Amino acid sequence: MKVHEYQAKALMAQFGIPTPHGEVAATPAEAAAITGRLGGRSVLKAQVYAGGRGKAGGIKVANSPKEAESLARQLLGTRLVTHQTTPEGLPVQKLLVEQTIDIHDQAYLSIVVDSSARMPVIMASAAGGIEIEEVASKSPEKILKVHVDPATGFQTYLGQKLAYGMGMDKESARATAALIGNLYRLFEAKDCSLAEINPLAVTNSGKILAVDAKLNFDDNALFRHKDIEALHDTAQEDPREVQAEAWGVKNYVKVDGSIGCMVNGAGLAMAVMDLITLSGGRPANFLDIGTANNPDRVVNSFKIFLSDPDVKAILVNIFGGIARVDVITRGIVEAHKQMKVNVPAVIRLAGTNVEEGKRILKESNLKYIEASDFRDAAVKAVRAARGG
Amino acid sequence: MKVHEYQAKALMAQFGIPTPHGEVAATPAEAAAITGRLGGRSVLKAQVYAGGRGKAGGIKVANSPKEAESLARQLLGTRLVTHQTTPEGLPVQKLLVEQTIDIHDQAYLSIVVDSSARMPVIMASAAGGIEIEEVASKSPEKILKVHVDPATGFQTYLGQKLAYGMGMDKESARATAALIGNLYRLFEAKDCSLAEINPLAVTNSGKILAVDAKLNFDDNALFRHKDIEALHDTAQEDPREVQAEAWGVKNYVKVDGSIGCMVNGAGLAMAVMDLITLSGGRPANFLDIGTANNPDRVVNSFKIFLSDPDVKAILVNIFGGIARVDVITRGIVEAHKQMKVNVPAVIRLAGTNVEEGKRILKESNLKYIEASDFRDAAVKAVRAARGG
Amino acid sequence: MSILIDRNTRLLIQGITGEEGSFHAERCLKYGTKLVAGVTPGKGGTKVLNGVPVFDTVDRAVRETEANASLIFVPAPCAADAILEASDAGIGVVICITEGIPILDMVKVHRHIAGTGIRLIGPNCPGVISPGQCLAGIMSGDIHLPGNVGVVSRSGTLTYETVAQLTQLGIGQSTCVGIGGDPLPGSTFVDMLKLFDRDTDTKAVVLIGEIGGSLEQDAAAYIKAGFKKPVVAYLAGGTAPSGRRMGHAGAIISGASGRAQDKAAALSAAGVAVSPSPATIGETMKKVLDGLQ
Amino acid sequence: MSILIDRNTRLLIQGITGEEGSFHAERCLKYGTKLVAGVTPGKGGTKVLNGVPVFDTVDRAVRETEANASLIFVPAPCAADAILEASDAGIGVVICITEGIPILDMVKVHRHIAGTGIRLIGPNCPGVISPGQCLAGIMSGDIHLPGNVGVVSRSGTLTYETVAQLTQLGIGQSTCVGIGGDPLPGSTFVDMLKLFDRDTDTKAVVLIGEIGGSLEQDAAAYIKAGFKKPVVAYLAGGTAPSGRRMGHAGAIISGASGRAQDKAAALSAAGVAVSPSPATIGETMKKVLDGLQ
């Protein structure tokens, strides 16, 4: 789960990480007032769930409250398109209005779980402020890494190794080592999947500041962080995916084809998308209905398909395991009761309780196209989506 | 460092461990008032740094506020002698006045660091309420143990293994497993060296309660627990040892002989005590002046000896290492300047900066008995203490 | 022979009285698995499925039944605890079906069991089956056929599709292992290839990878360095968009190594026969096996 | 030969610019130790003692000077961190002089280095000396004599007394190790006996134990099981009262195994010559060595 920069910074501040002074504005008047409080000068930063805002015009400097008001008017209510967003961009509903910072030096700092080492890794680079992927590919030696052993937790020497490794002097290194410790404690306490500060600035007056901040959270751990879950801004996501999630269909990703696929299992769902493509069609989505045996989720998947004008055919491919075919077919029958399914549905069933599932479908007298295996299902769905 | 039962219980309550209702009384009137608030019946428990209070008459049941007042009058201001105290006993200055508990079942629970496994071990036994040392020696199979891996911290299954292992039913096991987790978090958060609940009671109404509680703390970690350090009650310790500690002499233990020994290093200090005994004398104390090079500590050691009427001779044995002989001899000279050393002092010096140390002593014109090695020192000190 | 589990495996199920646990316990039992015990705290002393004893703790279950493998169905918030409990009780093979375990919980689990020799499969996986011998998972036993091809996969249902293709072509399986879709799987492709290498009954291996991470590249390197048995692979997610998580926590193209195409290329370069379609995995294996004779 | 350190040891001192660190650094250097680097965060780039370079981190120091042993003088609140830093930087022998490290900090250190092969000596110890070759500790070099008797002790100054007795009798030492007075020493008597066993230059060993814990009983069991070199022992604290901590955090008689008498009995039963007085350790060793000829 993502959160906005201003929310990430508020969490960092709670964990003792210095951030620039600033407040959130939802209107031009607020932006002007905050700029006044900051001494008449400010940076306005569009709050969207994407990077690359600077180049895309989402970050502006205002030299007066009046200018802040005018810039805020230009930004608020628009959609910002960056290289990380879709062509539609993301809505700008809030601005973070911050003091301007005289940056003397800028570094990069982040924490993720390293899947090879199976423990958190803290990465730092003196080449801050720019795209870290670029640094990683062009000069990987400029990225320093330390792993944090869960048996010891964060230790000061890890922060010192990074700080002195970036060539910092004693004062900056001491402050940075402490900041890294605090960022690690935040990462651990809140089950982050990514904690990133880029740039981490050394100001002209020698202070260390998190000038830009990004926090992502482990969806699997949100059950123990209701405070974090509450920060989620659904306006920043695809409305169909938001709707799907509200309907209990969590693993739904909208893509740009015409065949709505409902599959059990993520790997199989990807394979079905691959098969549709190999058969000359295009999937409209990724949708793994998961393993919880819940007919409602099937009904809601049909709702998603029928509310998507791109969907010209539905492909259901179920290979029961922990998910039971009979439960899913009951959901399909229920979906047909609740709504008019006005696109052809290709259904392929196998695995746990398949006989019972097929019996339910047969007895319901639904109209559907039966498929013998998933290749057959893909071929038939592509044909159905073309209207024939 | 030890704390009183009422302080241990307050800490446990902070960590979510259920304890009996109760308050501390310093006067008979308070004991009566608390008993009134508890409904007219109470247990009065003498607050001393020692176990075995029940058999020694330090725990009394009052059936009315009036009886509580009278019992409190009998207890407060006395010294309680138990099998764990010296024959002088410990002063009873406070009573913990608690609700009476209908105990249905009682268990034992404790946490220490296991030096073989090098990690904390949680011990539990269904044979609670009695001396655990007895259980350990007579029927060790009745003590269940689980180790806590610092890489994972406390895990619920550890608590369940102990609780179900003690034969508890589902409700008690669930509450006990949670309680064990809380006790472990307290142990870790406050750097305990011992956390013990004995008995842990299951009441007639099925509740789990810490009826008696004991917490000891790692002296080496007190620097990060000022709140714990502040709980220390010096009235519960040997006044000479308290004085020694106030003077910066931490490793001082009073024993019952006549030769005051000042030695650098704990092992050597013990060996000198052994040597004195082998030479026919008795040491008056253990005193390791440690490795910090501080002449004041030497001066204060002399103060301790001179304030102890048992001390008939002083034995100084220094083998310099990280402690420097010259620094220590400067302290000896200073001690003679500040006070009248009216008992013979036997001095033996060796090791780091010994030449400089001997020179300082020689130039000071002090009267002392020089010893060539530590056996010689012991023999001479024994003779000196006998007045020869 | 087989890997991980066989006809002598004494299986224990953690969470046996839950909905999924009891459903699959019955299916494992019907398949012929020696299901010796179940664990649900607070239900110790009861019996399920006409005689399988339930214990309060894994420790007690192991002491009383000599269980040596565990299958875990407990909910995600308690699943890491369950894995640790199984490993501390001396269970040698721990198979965790549960999906959605927080990654920092798994960091702790991995640190705890590292170096102990305990073999963790999953989490977020379909389990393990050695056809005709032992089912310790959630797959349908009836699609399997005893034989000599090992199957290892990050996906559950895609494995069933693969097995169905193999069985339909008369190609039996030695053991099928789902290593799971999480970013920190207990066992990797390489771990399983090492076991298949030592298993005399396994003549060839199917490897089902997917986007995200670099476990497939690690497998390619291991195969290249001297794995002699033929390998057929399929990589799911060739048409998945970048930067989006495709269901599995681990299935997200975030670095250069994450794309299906790159994984396929690495495996091909190691001599693996990569099937371009998920529908032709069985056929590809048939050709490989025909070529062996 | 010797154990742990020798003339080729490249020593680094953590906390070299502190009062104790700089004092003992100079003494190590004067003894002939190859002191190649010091570490004090924030003082990187400077030099001490006429040319010993100081670095900000152990990592940097090791990369630039190939230091392979470290001697730690940093204050107790930071000492566990220093040990971890040394071990992560690839230092093979880490000797920690610092006294007063919280025991739960040491629990973490032990868990981190377990299985890594890193040899930790101390904390709360006098360090190590291989006479005539290398001094990495706080003992006076001049009381030592190169030779063939290994010394291992829980006590610092009592070791000096022992060494002085040996040297006075003309008995030289191969290596003298203070394992420290803490309840969780990095290395035990058994660890050191194993090293002395393999060291061809060590013909006999002096073991100085004390009250508390059961390290001496462990040593007795190990010796009994097949340690062939003669051992002389002394156990300090025979006259110490029970239940009181005698200076060392580990020196407290709290269980049945903690008493000096019981330790002496266990060692005697393992064939160790136990000296009843701390003043006769040297004489006892002399008799043992005379008997060998």
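Cut-offs used in this document
- Residues numbered from 1 in each chain as written.
- Chains lettered and ligands numbered in written order.
- Predicted model: local features only at pLDDT ≥ 70, side-chain atom pairs only at ≥ 80, totals over all residues.
- Heavy atoms only, no water.
- Domains from an automatic or database assignment.
- Contact = heavy atoms within 4.5 Å.
- Buried area = accessible area lost by both parts, 1.4 Å probe.
- Salt bridge = Lys/Arg side-chain N within 4 Å of Asp/Glu carboxyl O.
- Polar contact = N/O pair within 3.5 Å; in protein donor to acceptor, adjacent residues only side chain to side chain.
- Helix = DSSP H or I, 4+ residues; strand = E, 2+ residues; numbered from the N terminus.
- pLDDT = per-residue confidence, 0-100.
- Pairing = 2+ DSSP bridges.
- Right-handed = clockwise from strand over helix to strand, strands pointing away.
- Axes fitted to C-alpha atoms, helices over the stretch in contact; angles between N-to-C directions.
- Parallel < 35°, antiparallel > 145°, perpendicular 65-115°, else oblique.
- Left-handed = near helix turned anticlockwise from the far one by under 90°.
- Nonpolar A, V, L, I, M, F, W, Y, C, P; charged D, E, K, R; others polar.
- Buried < 20%, exposed > 50% of the residue type's maximum accessible area, 1.4 Å probe, protein only.
- Expected span 1.5 Å × (residues − 1).

Asks: Explain the domain arrangement of chain C to me, please; I cannot follow it from the model alone.
Replies: Interface extent is often summarised as the accessible area lost during association of the parts. Residues and elements named next belong to chain C. Under the domain assignment, chain C is made up of domain 1 (10-121) and domain 2 (139-292). On a C-alpha basis, the centroid separation for the pair domain 1 and domain 2 is 26 Å. Tallying the contact residues gives ten residues for domain 1 and 14 residues for domain 2. When the buried surface of domain 1 facing domain 2 is broken down by residue, His110, Arg119 and Ile121 rank first, second and third, together holding 45% of it. Our count for the contact surface shared by domain 1 and domain 2 stands at one salt bridge. Arginine 119 is paired through a salt bridge with aspartate 191; the nearest N and O atoms lie 3.5 Å apart. In this assembly, domain 1 and domain 2 are joined by five residue pairs in polar contact (both at pLDDT 80 or more). Going through the elements one at a time, α1 (19-31), α4 (103-113) and β7 (119-121) are the ones with two or more residues in the side of domain 1 that touches domain 2.

Asks: What is the right way to read the confidence of the model for chain C from this model?
Replies: Mean pLDDT over chain C: 94, with 98% of residues reaching 70 or higher. ipTM for the predicted complex: 0.93, alongside a pTM of 0.93.

Asks: I'm lost on the pairing of strand β10 (residues 146-153) of chain D in this one. Help?
Replies: Side-chain positions along a regular strand alternate between the two faces of the sheet. All names here are of chain D. Note: β10 against strand β11 (residues 173-178), five bridges, orientation parallel. Note on β11: the bridge partner recorded for valine 152 is valine 177. Crossover β10 to β11 through helix α5 (residues 157-168) is right-handed. Here β10 runs beside strand β12 (residues 204-210); their pairing, made up of five bridges, is parallel. Paired with valine 151 across the bridge in β12 is valine 206.

Asks: Just checking my understanding: could you explain the packing of helix α5 (residues 156-165) of chain B against helix α6 (residues 170-189) of chain B for this structure?
Replies: Relative orientation and spacing of two packed helices are given, respectively, by the angle between their axes and the distance between those axes. All names here are of chain B. Running from amino to carboxyl end, α5 crosses α6 at an angle of 130 degrees, the nearest separation of the two axes being 8 Å. The angle between α5 and α6 places the two elements in the oblique class. The crossing of α5 and α6 is right-handed. Each of Thr156, Gly159, Gln160, Leu162, Ala163 and Tyr164 in α5 lies in contact with α6, whose residues at this interface are Lys170, Ala173, Thr176, Ala177 and Ile180. Residue composition of the contact of α5 with α6, by class: six nonpolar, four polar and one charged.

Asks: Explanation requested: the pairing of strand β10 (residues 192-203) of chain B in the structure shown.
Replies: Residues and elements named next belong to chain B. For β10, the buried fraction is high: eleven of the twelve residues fall into the buried class. Bridge count for strand β7 (residues 103-114) against β10 is seven bridges, and the pairing is antiparallel. Bridge pairing in β10 links alanine 107 to leucine 200. Pairing analysis gives five bridges linking β10 to strand β12 (residues 213-217), with the strands arranged antiparallel. Directly across from isoleucine 197, in β12, lies its bridge partner alanine 213. The pairing of β10 with strand β11 (residues 208-210) spans three bridges and is antiparallel. Residue pairing in the sheet places leucine 200 in a bridge with alanine 210 of β11.

Asks: Got a minute to help me understand the sheet that holds strand β6 (residues 93-96) of chain C in this structure?
Replies: Strand pairing in a sheet takes place through backbone hydrogen bonds and is either antiparallel or parallel in direction. Strands sit in the order β3-β4-β2-β1-β5-β6-β7 (chain C) across an open sheet of seven strands; the sheet is mixed. Looking at strand neighbours, the two that pair on one side only are β3 (47-48) and β7 of chain C, the edges of this open sheet.

Asks: I keep staring at the pattern of salt bridges and nothing clicks. Help me out?
Replies: Where charged atoms from two side chains of opposite charge come close, those side chains can pair. Residue and element names in this part refer to chain B. Applying the stated criterion to the full structure yields 66 salt bridges over all chains. As a salt-bridge pair, aspartate 308 and arginine 240 come within 3.9 Å of each other at their nearest N and O atoms. Here aspartate 308, found in the loop between α10 (295-306) and β16 (313-320), pairs with arginine 240, found in helix α8 (residues 239-246); they are 68 residues apart in sequence, far enough to count as distant. Note on aspartate 308: relative accessible area 3%, which makes it buried.

Asks: What am I meant to see in helix α3 (residues 76-88) of chain D here?
Replies: Along an α-helix, residues three or four apart share an orientation, since each turn contains 3.6 residues. Residues and elements named next belong to chain D. When the terminal C-alpha atoms of α3 are compared, their 19 Å separation across 13 residues agrees well with the 18 Å that a helix rising 1.5 Å per residue should span. By the criterion of burial, α3 is predominantly enclosed, with ten of the 13 residues buried. Looking at α3, one finds that the buried residues are Ala76, Ala79, Ala80, Asp81, Ala82, Ile83, Leu84, Glu85, Ala86 and Ser87. Two residues or fewer after α3 comes glycine 90, characterised by a positive phi angle close to 95 degrees.

Asks: Would you mind going over the interface of chain A and chain C with me for this structure?
Replies: Each side of the interface is counted separately: chain A has 49 residues, and chain C has 54 residues. Both sides of the chain A and chain C interface together cover about 4,000 Å² of buried area, and 60% of this is carbon and sulfur. Per-residue buried area on chain A facing chain C is highest for A:Arg118, A:Met270 and A:Phe319; these three make up 17% of the total on that side. There are four salt bridges connecting chain A and chain C. Taking the shortest distance from any N to any O, the salt bridge between C:Glu161 and A:Arg348 comes out at 2.2 Å. The interface formed by chain A and chain C holds 14 residue pairs in polar contact (both at pLDDT 80 or more) in total. Elements supplying a minimum of two residues to the side of chain A that touches chain C: β7 (103-114), β8 (119-125), α6 (170-189), β13 (251-254), α9 (266-278), β16 (313-320), β17 (345-351) and α13 (374-385) of chain A. Looking at the side of chain A that touches chain C residue by residue, the classes come out as 21 nonpolar, 15 polar and 13 charged.

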